[in-house]
Amino acid sequence: MARTRPAHHEVPPIEGPVRTCVGCRSRGPVSELLRVVAVDGTCVPDPRRREPGRGAWVHPDADCLHRAERRSAFPRALRVPGPLDLDALHALLGPRPTPTDPSAGPDARRGRNTRKQVDPHEPAVKHSR
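Residues numbered from 1 in each chain as written. Predicted model: local features only at pLDDT ≥ 70, side-chain atom pairs only at ≥ 80, totals over all residues. Heavy atoms only, no water.

Non-glycine residue arginine 49 carries a positive phi angle of around 60°. You will see that serine 72, though not glycine, has its phi angle at about 55°, which is positive.

Positive charge collects at one region of the surface, where Arg25, Arg67, Arg70, Arg71 and Arg76 lie side by side. Among the structural elements, arginine 71 can be located in the loop between helix 1 (62-70) and helix 2 (73-78). On the accessibility criterion, arginine 71 (32% relative accessible area) is partly exposed. (Patch = residues over 30% accessible without salt bridge, like charges linked within 9 Å, V, L, I, M, F, W, Y side chains within 5 Å. Areas by Shrake-Rupley, 256 points an atom, 1.4 Å probe, with all protein chains shown as cover. Salt bridge = Lys/Arg side-chain N within 4 Å of Asp/Glu carboxyl O. Lys, Arg positive; Asp, Glu negative; His and termini not counted. Charge placed at Lys NZ, Arg CZ, Asp CG, Glu CD. Helix = DSSP H or I, 4+ residues; strand = E, 2+ residues; numbered from the N terminus. Buried < 20%, exposed > 50% of the residue type's maximum accessible area, 1.4 Å probe, protein only.)

All right, on to the sheet that holds strand 4 (residues 42-45) then. What the 3 strands build is an open sheet, ordered 4-3-5; its pairing is antiparallel. At either end of the open sheet lies a strand with only one pairing partner, and these are strand 4 and strand 5 (55-58). Averaged over all pairs of adjacent strands, the angle between their axes in this sheet comes to 35°, without regard to strand direction. (Pairing = 2+ DSSP bridges. Axes fitted to C-alpha atoms, helices over the stretch in contact; angles between N-to-C directions.)

This brings us to the nonpolar core. One broad rule of soluble globular proteins: the nonpolar side chains tend to lie buried together. Core analysis: the biggest nonpolar cluster contains 20 residues, and Val22, Leu34, Val36, Cys43, Val58, Phe74 and Leu89 have the highest contact counts within it. Only strand 3 (34-39), strand 5, helix 1, helix 2 and helix 3 (87-93) provide two or more residues apiece to this core. Beyond its immediate stretch of four places on either side in the chain, valine 58 contacts Cys21, Val22, Leu33, Leu34, Val36, Cys64, Leu65 and Phe74. (Core = buried A, V, L, I, M, F, W, Y, C linked by side-chain atoms within 4.5 Å. Contact = heavy atoms within 4.5 Å.)

Our next topic: the pattern of salt bridges. For the coordinates displayed, the defined rule picks out 1 salt bridge. With a shortest N-O distance of 2.6 Å, arginine 35 and aspartate 46 are connected by a salt bridge. With arginine 35 in strand 3 and aspartate 46 in the loop between strand 4 and strand 5, this residue pair connects regions lying 11 residues apart in the sequence. Across the pair, aspartate 46 and arginine 35 agree in class, each one buried.

Attention now goes to helix 1. Among the residues of helix 1, those classed as buried are Cys64, Leu65 and Ala68. Along the axis of helix 1, the buried residues cluster in a sector spanning 100°; they form a single face. Its buried side turned inward, helix 1 meets strand 5, helix 2 and helix 3. Immediately downstream of helix 1, the backbone of serine 72 shows phi near 55°, a positive value. (Arc of directions from axis to C-beta.)

So, on to the confidence of the model for the protein. On average, residues of the protein score 80 in pLDDT, and 64% of them are at 70 or above. With pLDDT under 50 throughout, residues 101-111 is counted as low confidence; its partners more than four residues away or in other chains account for 7 contacts. (pLDDT = per-residue confidence, 0-100.)

Within the secondary structure, threonine 42 sits in strand 4. On the accessibility criterion, threonine 42 (23% relative accessible area) is partly exposed. Sequence separation between threonine 42 and aspartate 85 is 43 residues; the distance between their C-alpha atoms is 4.5 Å. Among residues more than four places away in sequence, those in contact with threonine 42 are Val37, Leu84 and Asp85.

Here is the structure:
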């Protein structure tokens, strides 16, 4: 019979408290994650983990920050209404990543949707060869 779970000796245990990154949703020790708190509508980094209030955790990586921003994870994790200003985090972790794939074309780099929209109420056009 095949095992579905790895044995405990195969997975190294994480020492100390464990938190989940709001960007990539992976778990890790608090020593590898950055705590973020909401102060007056702004996400403020809390590297010493001493600020009062509810905290969210993110890897100190621009990609994880971008994923969290794209998914609106900070307002949800911090339980605050509306969007939060992330400028302090971007200043600490780096700028927002931009697509640099040359095959993406100029429209994709500007964030435009290049896919055609289909009206569900119009009849489908059949092409004959």
